[in-house]
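# Descriptive analysis of the structure
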Amino acid sequence: MAVKGEKKKKTVKTIKIDVDKCNGCRACEMICSAFHAAPKYSSNNPARSRIRVIREPLRDVYVPVYAGEYTQAECAGRDKYTIDGKEYDECAFCRASCPSRDEFKEPDSGLPLKCDMCEGEEEPLCVKWCMVDALSYEAREEEVEETVEQEVLETGLESLANKYGMQKIMDAVARMSQKD
Ligand code: SF4
Ligand code: SF4
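Residues numbered from 1 in each chain as written. Chains lettered and ligands numbered in written order. Predicted model: local features only at pLDDT ≥ 70, side-chain atom pairs only at ≥ 80, totals over all residues. Heavy atoms only, no water.

### Considering the packing of aromatic side chains
Taken as a whole and judged by the stated rule, the model has 3 aromatic pairs. Taken together, the ring pairs connect Tyr 81, Tyr 88 and Phe 93 into an aromatic cluster. (Phe/Tyr/Trp six-rings, centres within 6.5 Å; stacked < 30°, edge-to-face > 60°.)

See below:
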(Lines give C-alpha, C1' and ligand atoms only; values in the text may rest on other atoms or scores of the structure.)
(Ligands and ions follow the chains in the order given, each with its own letter.)
Protein backbone atom coordinates (compact mmCIF):
# COMPACT_ATOMS: atom_id res chain seq x y z
CA MET A 1 0.00 0.00 0.00
CA ALA A 2 1.28 3.46 -0.82
CA VAL A 3 2.39 5.83 1.90
CA LYS A 4 0.35 9.03 1.95
CA GLY A 5 2.33 12.01 0.74
CA GLU A 6 4.53 10.00 -1.61
CA LYS A 7 4.89 11.58 -5.05
CA LYS A 8 4.06 9.46 -8.02
CA LYS A 9 3.73 9.95 -11.79
CA LYS A 10 0.22 9.56 -12.98
CA THR A 11 -1.47 9.78 -16.35
CA VAL A 12 -4.22 12.34 -16.17
CA LYS A 13 -6.91 11.59 -18.72
CA THR A 14 -9.22 14.34 -19.86
CA ILE A 15 -12.20 14.38 -22.16
CA LYS A 16 -12.96 17.84 -23.44
CA ILE A 17 -16.61 18.48 -24.10
CA ASP A 18 -17.71 21.05 -26.63
CA VAL A 19 -21.42 21.42 -25.95
CA ASP A 20 -21.84 23.71 -28.97
CA LYS A 21 -20.95 20.77 -31.23
CA CYS A 22 -23.09 18.11 -29.50
CA ASN A 23 -26.28 17.32 -31.43
CA GLY A 24 -27.79 14.97 -28.87
CA CYS A 25 -27.51 11.83 -31.02
CA ARG A 26 -26.61 9.75 -27.94
CA ALA A 27 -24.21 7.51 -29.85
CA CYS A 28 -21.87 7.95 -26.88
CA GLU A 29 -24.47 6.44 -24.52
CA MET A 30 -25.02 3.51 -26.88
CA ILE A 31 -21.39 2.56 -27.30
CA CYS A 32 -20.59 3.03 -23.62
CA SER A 33 -23.35 0.70 -22.47
CA ALA A 34 -22.48 -1.87 -25.18
CA PHE A 35 -18.77 -1.81 -24.30
CA HIS A 36 -19.53 -2.29 -20.60
CA ALA A 37 -22.06 -5.08 -21.12
CA ALA A 38 -21.00 -8.51 -19.89
CA PRO A 39 -19.87 -10.09 -22.14
CA LYS A 40 -18.71 -7.00 -24.08
CA TYR A 41 -21.11 -5.83 -26.83
CA SER A 42 -23.70 -8.49 -25.93
CA SER A 43 -26.38 -5.86 -25.28
CA ASN A 44 -26.87 -2.14 -25.10
CA ASN A 45 -28.97 0.01 -22.84
CA PRO A 46 -28.31 3.75 -22.54
CA ALA A 47 -29.69 3.63 -18.98
CA ARG A 48 -26.50 1.74 -18.10
CA SER A 49 -24.20 4.23 -19.81
CA ARG A 50 -21.48 6.07 -17.92
CA ILE A 51 -22.14 9.16 -19.97
CA ARG A 52 -25.52 10.85 -20.04
CA VAL A 53 -26.58 13.56 -22.41
CA ILE A 54 -28.85 16.23 -21.00
CA ARG A 55 -31.07 16.47 -24.03
CA GLU A 56 -33.84 19.01 -24.56
CA PRO A 57 -34.26 19.63 -28.30
CA LEU A 58 -37.01 22.21 -27.84
CA ARG A 59 -34.63 24.42 -25.92
CA ASP A 60 -31.58 23.46 -27.99
CA VAL A 61 -29.86 21.99 -24.92
CA TYR A 62 -27.43 19.08 -25.36
CA VAL A 63 -24.87 18.59 -22.61
CA PRO A 64 -22.92 15.36 -22.12
CA VAL A 65 -22.11 14.59 -18.45
CA TYR A 66 -19.79 11.78 -17.29
CA ALA A 67 -20.40 9.48 -14.34
CA GLY A 68 -18.06 10.32 -11.47
CA GLU A 69 -17.71 8.97 -7.95
CA TYR A 70 -20.27 7.20 -5.82
CA THR A 71 -21.39 9.25 -2.85
CA GLN A 72 -23.16 7.88 0.19
CA ALA A 73 -24.82 11.14 1.21
CA GLU A 74 -26.36 13.95 -0.77
CA CYS A 75 -25.07 17.51 -0.53
CA ALA A 76 -26.59 19.89 2.02
CA GLY A 77 -27.85 22.09 -0.80
CA ARG A 78 -28.44 21.73 -4.53
CA ASP A 79 -27.27 23.98 -7.31
CA LYS A 80 -29.35 25.16 -10.21
CA TYR A 81 -27.85 27.01 -13.15
CA THR A 82 -29.07 29.42 -15.77
CA ILE A 83 -26.53 29.82 -18.60
CA ASP A 84 -27.13 32.13 -21.55
CA GLY A 85 -30.77 32.35 -20.53
CA LYS A 86 -31.25 28.56 -20.46
CA GLU A 87 -32.27 27.05 -17.17
CA TYR A 88 -30.98 23.62 -16.17
CA ASP A 89 -32.42 21.10 -13.70
CA GLU A 90 -31.17 20.86 -10.14
CA CYS A 91 -27.81 19.09 -9.95
CA ALA A 92 -27.86 18.80 -13.77
CA PHE A 93 -24.08 18.90 -14.22
CA CYS A 94 -23.19 16.82 -11.18
CA ARG A 95 -21.27 13.62 -11.95
CA ALA A 96 -21.98 11.80 -8.69
CA SER A 97 -23.85 8.55 -8.28
CA CYS A 98 -25.92 10.00 -5.45
CA PRO A 99 -28.89 8.81 -3.33
CA SER A 100 -30.90 11.86 -4.41
CA ARG A 101 -31.47 10.57 -7.97
CA ASP A 102 -31.37 7.66 -10.43
CA GLU A 103 -28.56 8.95 -12.66
CA PHE A 104 -25.40 6.89 -12.91
CA LYS A 105 -26.83 3.78 -11.32
CA GLU A 106 -27.50 0.34 -12.76
CA PRO A 107 -31.25 0.37 -13.46
CA ASP A 108 -31.80 -3.12 -11.98
CA SER A 109 -29.59 -3.18 -8.93
CA GLY A 110 -28.98 0.51 -8.21
CA LEU A 111 -25.24 -0.19 -8.12
CA PRO A 112 -23.14 2.89 -8.92
CA LEU A 113 -21.81 3.42 -12.43
CA LYS A 114 -18.56 5.27 -12.96
CA CYS A 115 -16.72 6.22 -16.14
CA ASP A 116 -13.43 4.30 -16.28
CA MET A 117 -12.21 6.11 -19.38
CA CYS A 118 -12.61 2.79 -21.21
CA GLU A 119 -9.67 1.23 -19.44
CA GLY A 120 -7.55 -0.86 -21.78
CA GLU A 121 -8.66 0.96 -24.91
CA GLU A 122 -6.38 3.37 -26.73
CA GLU A 123 -9.04 6.06 -26.76
CA PRO A 124 -12.39 6.27 -24.94
CA LEU A 125 -15.08 4.77 -27.13
CA CYS A 126 -17.52 7.64 -26.64
CA VAL A 127 -14.87 9.96 -28.09
CA LYS A 128 -14.32 7.62 -31.02
CA TRP A 129 -18.03 7.34 -31.78
CA CYS A 130 -18.89 11.01 -31.54
CA MET A 131 -19.11 11.82 -35.23
CA VAL A 132 -19.20 15.59 -34.75
CA ASP A 133 -16.13 15.76 -32.50
CA ALA A 134 -17.99 17.18 -29.53
CA LEU A 135 -15.74 14.99 -27.38
CA SER A 136 -11.96 14.96 -27.60
CA TYR A 137 -9.44 13.02 -25.56
CA GLU A 138 -6.20 14.18 -23.99
CA ALA A 139 -3.71 12.39 -21.75
CA ARG A 140 -0.78 13.95 -19.90
CA GLU A 141 1.71 12.95 -17.20
CA GLU A 142 1.47 14.69 -13.84
CA GLU A 143 3.16 14.31 -10.46
CA VAL A 144 0.56 13.67 -7.82
CA GLU A 145 0.48 12.82 -4.16
CA GLU A 146 -0.58 9.24 -4.06
CA THR A 147 -3.70 8.28 -2.19
CA VAL A 148 -5.08 4.82 -1.86
CA GLU A 149 -7.51 4.21 -4.66
CA GLN A 150 -10.71 2.50 -3.77
CA GLU A 151 -11.43 -0.46 -5.97
CA VAL A 152 -14.62 -0.55 -8.03
CA LEU A 153 -15.63 -3.77 -6.29
CA GLU A 154 -15.28 -2.11 -2.88
CA THR A 155 -17.38 0.85 -3.99
CA GLY A 156 -20.09 -1.51 -5.19
CA LEU A 157 -20.02 -3.42 -1.91
CA GLU A 158 -20.11 -0.22 0.11
CA SER A 159 -23.16 1.00 -1.76
CA LEU A 160 -24.92 -2.35 -1.30
CA ALA A 161 -24.06 -2.34 2.41
CA ASN A 162 -25.47 1.18 2.72
CA LYS A 163 -28.67 0.07 1.05
CA TYR A 164 -29.29 -3.29 2.71
CA GLY A 165 -26.98 -3.39 5.74
CA MET A 166 -23.77 -5.39 6.00
CA GLN A 167 -25.36 -8.41 7.69
CA LYS A 168 -27.78 -8.98 4.80
CA ILE A 169 -24.92 -8.84 2.30
CA MET A 170 -22.88 -11.32 4.34
CA ASP A 171 -25.87 -13.66 4.62
CA ALA A 172 -26.49 -13.45 0.86
CA VAL A 173 -22.83 -14.20 0.09
CA ALA A 174 -22.92 -17.16 2.50
CA ARG A 175 -26.06 -18.51 0.79
CA MET A 176 -24.53 -18.09 -2.66
CA SER A 177 -21.34 -19.89 -1.73
CA GLN A 178 -23.30 -22.86 -0.42
CA LYS A 179 -25.09 -23.39 -3.72
CA ASP A 180 -22.62 -25.83 -5.32
S1 SF4 B 1 -22.06 11.17 -29.56
FE2 SF4 B 1 -21.31 13.30 -29.56
S3 SF4 B 1 -22.92 14.46 -30.58
FE4 SF4 B 1 -23.79 12.49 -30.01
S5 SF4 B 1 -24.73 12.91 -28.00
FE6 SF4 B 1 -22.70 12.08 -27.61
S7 SF4 B 1 -21.41 13.90 -27.39
FE8 SF4 B 1 -23.30 14.56 -28.36
S1 SF4 C 1 -14.90 7.02 -21.56
FE2 SF4 C 1 -15.68 4.96 -21.84
S3 SF4 C 1 -16.56 4.49 -19.83
FE4 SF4 C 1 -16.35 6.70 -19.92
S5 SF4 C 1 -18.31 7.41 -20.70
FE6 SF4 C 1 -16.94 7.20 -22.46
S7 SF4 C 1 -17.41 5.16 -23.26
FE8 SF4 C 1 -18.20 5.26 -21.17
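### Comments concerning the pattern of salt bridges
Evaluated as defined, the whole model comprises 9 salt bridges. As a salt-bridge pair, Lys 16 and Glu 138 come within 3.0 Å of each other at their nearest N and O atoms. With Lys 16 in strand E1 (residues 7-17) and Glu 138 in strand E6 (residues 135-145), this pair connects stretches of sequence that are 122 residues apart. Note on Glu 138: relative accessible area 38%, which makes it partly exposed. The salt bridge involving Arg 48 is made with Glu 106; its shortest N-O contact spans 2.7 Å. Taken together, the residues span a long stretch of sequence, with Arg 48 in the loop between helix H1 (27-35) and strand E2 (51-56) and Glu 106 in the loop between strand E5 (86-87) and helix H2 (125-129) at a distance of 58 residues. Exposure class is identical for Arg 48 and Glu 106. Each is buried. (Salt bridge = Lys/Arg side-chain N within 4 Å of Asp/Glu carboxyl O. Helix = DSSP H or I, 4+ residues; strand = E, 2+ residues; numbered from the N terminus. Buried < 20%, exposed > 50% of the residue type's maximum accessible area, 1.4 Å probe, protein only.)

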